[in-house]
Amino acid sequence: VVNGKVTFEETIPAEGLTAAEISEKVNGWIAERYVEPTVLSAKRYDGESPEEIVIKGEEYIVFKNTFFVLSRARMYYYMTIVPADGECRFKLSRITYWYDDEDENGGIKMKAENWITDENAFKENGKLKKFEGKFRRKTIDLKNLLIEEIKEALK
């Protein structure tokens, strides 16, 4: 939690690549990944600096998918990538969810800060709560997937 918000940050190594090369490779990855049906929507924004890449993403995180049951939530997030010579900084923040959006009452909208933090996702015995835990796991899984895809794109 950074400034009261759930934030994932990581520096991704890219030895031998310049900031411009990293930016080009990351932009190629974005163009391939952020298309339907993989992602429900994505918008690109200008960052605080010219080299900063900011994506507002919306995609499903799926908890269970069987013939009779589809349990999923929409996850909204901002992904920021800042290329530099030999590395890029990754940040995933401003995470919100819309659970059961097909419910006749409109479902539940929630912020990550109220669901996946240590204080909210764990029981007193140290085990993950069932409902909050599935959001925490799937959010971390998506973060890890994004980082792995970026690492692959930088090879």
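Given the structure is predicted, the values throughout are model-derived calculations rather than measurements.

1. Quick notes on the overall build of the protein
The secondary structure content of the protein amounts to three helices and six strands. Helices and strands appear in the protein in the N-to-C order β-α-β-β-β-β-β-α-α. Taking 2.2 N^0.38 as the reference for a compact globule, 155 residues should give roughly 15 Å; the C-alpha atoms of the protein span a radius of gyration of 17 Å, in line with that estimate. With respect to the principal axes defined by its C-alpha atoms, the protein has extents near 45 × 35 × 25 Å. Burial analysis of the protein (155 residues in total) assigns 39% to the buried set. A fraction of 53% describes how many contacts in the protein between residues 6 or more apart in sequence connect residues 24 or more apart. Element-wise, carbon and sulfur atoms account for 47% of the exposed surface of the protein, whose accessible area totals about 9400 Å². Positive and negative side-chain charges in the protein, numbering 25 and 29 respectively, have mean positions lying 6 Å apart.

2. Things to note about the packing of aromatic side chains
This structure, assessed with the given rule, holds ten aromatic pairs. Between Trp29 and Tyr34, the aromatic rings sit 5.9 Å apart at their centres with planes inclined by 90 degrees, giving edge-to-face as the arrangement. A single burial state applies to Trp29 and to Tyr34, both of which are buried. Ring centres of Tyr97 and Phe135 lie 5.0 Å apart, and the angle between their planes is 70 degrees; on these two criteria the pair is classed as edge-to-face. Here Phe135 lies in helix H3 (residues 130-153) and Tyr97 lies in strand E5 (residues 87-99), a separation of 38 residues in the sequence. The burial state of Tyr97 is the same as that of Phe135; both residues are buried. If you follow Arg72 out to its NZ or CZ, it ends over the ring of Tyr60, 3.6 Å from the centre. In this structure, Lys134 packs its charged tip against the face of Phe63, placed 4.7 Å from the ring centre.

3. Let's talk about the pattern of salt bridges
One pass over the structure, following the stated rule, counts seven salt bridges. Residue Glu10 is joined to Lys151 by a salt bridge in which the shortest nitrogen-to-oxygen separation is 4.0 Å. One end of the pair, Glu10, is in strand E1 (residues 8-13); the other, Lys151, is in helix H3, with 141 residues separating them in the sequence. When its relative accessible area of 29% is taken as the criterion, Lys151 is described as partly exposed. Arg136 serves as the salt-bridge partner of Asp118, at 2.9 Å between the closest nitrogen and oxygen. Of this pair, Asp118 sits in helix H2 (residues 118-121) while Arg136 sits in helix H3; the two residues are 18 residues apart in sequence, bridging distant segments of the chain. Judged by relative accessible area, which is 47%, Asp118 ranks as partly exposed. Linked through salt bridges whose partners overlap, the residues forming this network are Glu10, Glu148 and Lys151.

Calculation notes
- Throughout, a residue's number is its position along its own chain's written sequence, starting from 1.
- The model is predicted, so local features are restricted to residues of pLDDT at least 70 and side-chain atom pairs to those at 80 or more, both for listing and for counting; the totals for chains, interfaces and linings are taken over all residues.
- Side-chain figures throughout are based on the complete set of non-hydrogen atoms in the structure, without hydrogens or water.
- A run of H or I in DSSP counts as a helix once it spans at least four residues, and a run of E counts as a strand once it spans at least two, with each numbered from the N terminus.
- For the radius of gyration, the atoms used are the C-alpha atoms, and the globule rule reads 2.2 Å times the number of residues raised to 0.38.
- Any residue under 20% of the maximum accessible area for its type is buried, any over 50% is exposed, and the rest in between are partly exposed; the area is computed with a 1.4 Å probe on protein chains only.
- Whether two residues are in contact is decided by their heavy atoms, any of which lying within 4.5 Å being enough.
- All accessible areas in this document rest on Shrake-Rupley with a 1.4 Å probe, and a residue is counted as covered only by the protein chains that are shown.
- Only four residue types enter the tally: Lys and Arg on the positive side, Asp and Glu on the negative side, with His and both chain ends excluded.
- Taken as the charge location is NZ of Lys, CZ of Arg, CG of Asp or CD of Glu.
- Here a Phe, Tyr or Trp ring, Trp counted by its six-membered ring, pairs with any other such ring whose centre lies within 6.5 Å, and the pair is stacked when the planes are under 30 degrees apart, edge-to-face when over 60, and tilted otherwise.
- Look at NZ for Lys and CZ for Arg. If either is within 6 Å of the ring centre and within 35 degrees of the ring normal, a charge sits over the ring.
- We count a salt bridge whenever a side-chain nitrogen from Lys or Arg sits within 4 Å of a carboxyl oxygen from Asp or Glu.

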